[in-house]
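Inside the fold
In case you want the letters, here they are:
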Amino acid sequence: MTNRYERIRMHRRMQRRIQLVVEERRVAFAARQPEPAFDPETTMEIPPPDLPVVVPQRAIGRVVIPQV
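Within each chain, residue numbers correspond to sequence positions counted from 1 in written order. Reporting in this predicted model follows two pLDDT cut-offs: at least 70 for local features of residues, and 80 or more for side-chain atom pairs to be given and counted; totals over whole chains, interfaces and linings ignore these cut-offs and use all residues. To obtain the side-chain values, all non-hydrogen atoms of the structure were used and water was disregarded.

**Regarding the overall build of the protein**
To keep it simple, the criterion reads: Working definition: helices are DSSP H or I runs of at least four residues, strands are E runs of at least two. Numbering for both runs from the N terminus. Partly exposed residues are those whose accessible area sits between 20% and 50% of the maximum for their type, while under 20% is buried and over 50% is exposed, using a 1.4 Å probe and protein chains only. Each accessible area value is a Shrake-Rupley result obtained with a 1.4 Å probe; residue values ignore everything except the protein chains displayed when judging cover.
What the protein contains, in helices and strands, is 1 helix and 0 strands. By residue count, 0% of the 68 residues in the protein fall in the buried class. Surface summary for the protein: the accessible area is close to 7700 Å², and the carbon and sulfur share equals 58%.

Put into structure tokens, the structure is as follows:
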């Protein structure tokens, strides 16, 4: 049976080890090839479909994907 002080010490040691692993992973992921910058505010114009095709109207931002 461990007393309160020993349990706190073990818990702190475990937390410290977890933090070290997290830091190592963060550094490892940062060392990877950087991804291209992405601006979430950018917009893209979606051209309307050709006139002969009858497409039901959908919500803004959705596009019809042609079947291949």
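**Some words on the pattern of salt bridges**
Selection criterion: One side-chain nitrogen of Lys or Arg within 4 Å of one carboxyl oxygen of Asp or Glu is enough to make a salt bridge.
Applying the stated criterion to the full structure yields 1 salt bridge. Between Glu-23 and Arg-26 there is a salt bridge, and its shortest N-O distance comes to 2.6 Å. Of the two residues, Glu-23 and Arg-26 are both situated in helix α1 (residues 4-30); the distance of 3 residues between them amounts to about one turn of the helix. Take Glu-23: its relative accessible area is 35%, and that puts it in the partly exposed class.

**Structural notes on a positive patch on the surface**
So the rule is basically this: Like-charged residues within 9 Å of one another, or nonpolar side chains (Val, Leu, Ile, Met, Phe, Trp, Tyr) within 5 Å, are grouped into patches, provided each residue has over 30% relative accessible area and no salt bridge. Here Asp and Glu are counted as negative and Lys and Arg as positive; His is not counted, and neither are the chain ends. A single reference atom marks each charge: NZ on Lys, CZ on Arg, CG on Asp, CD on Glu.
A surface patch of like charges, here positive, comprises Arg-9, Arg-12, Arg-13, Arg-16 and Arg-17. With respect to the element layout, Arg-16 can be found in helix α1. Classification of Arg-16 by relative accessible area gives exposed; the value is 53%.

**Section: α1**
Residue pairs three or four apart in sequence face the same way in an α-helix, which turns once every 3.6 residues. Keep this limit in mind: Multiplying 1.5 Å by the residue count of a helix minus one yields the expected span of that helix. Polar contact criterion, stated in full: a pair of N or O atoms within 3.5 Å, where within protein one must be able to donate a hydrogen and the other to accept it, and residues adjacent in sequence count only if both atoms are side-chain atoms.
Its 27 residues place the ends of α1 39 Å apart at the C-alpha level, agreeing with the 39 Å of an ideal helix rising 1.5 Å per residue. Where α1 begins, one side-chain oxygen reaches toward the backbone nitrogen of Tyr-5, 3.3 Å away; that side chain belongs to Asn-3.

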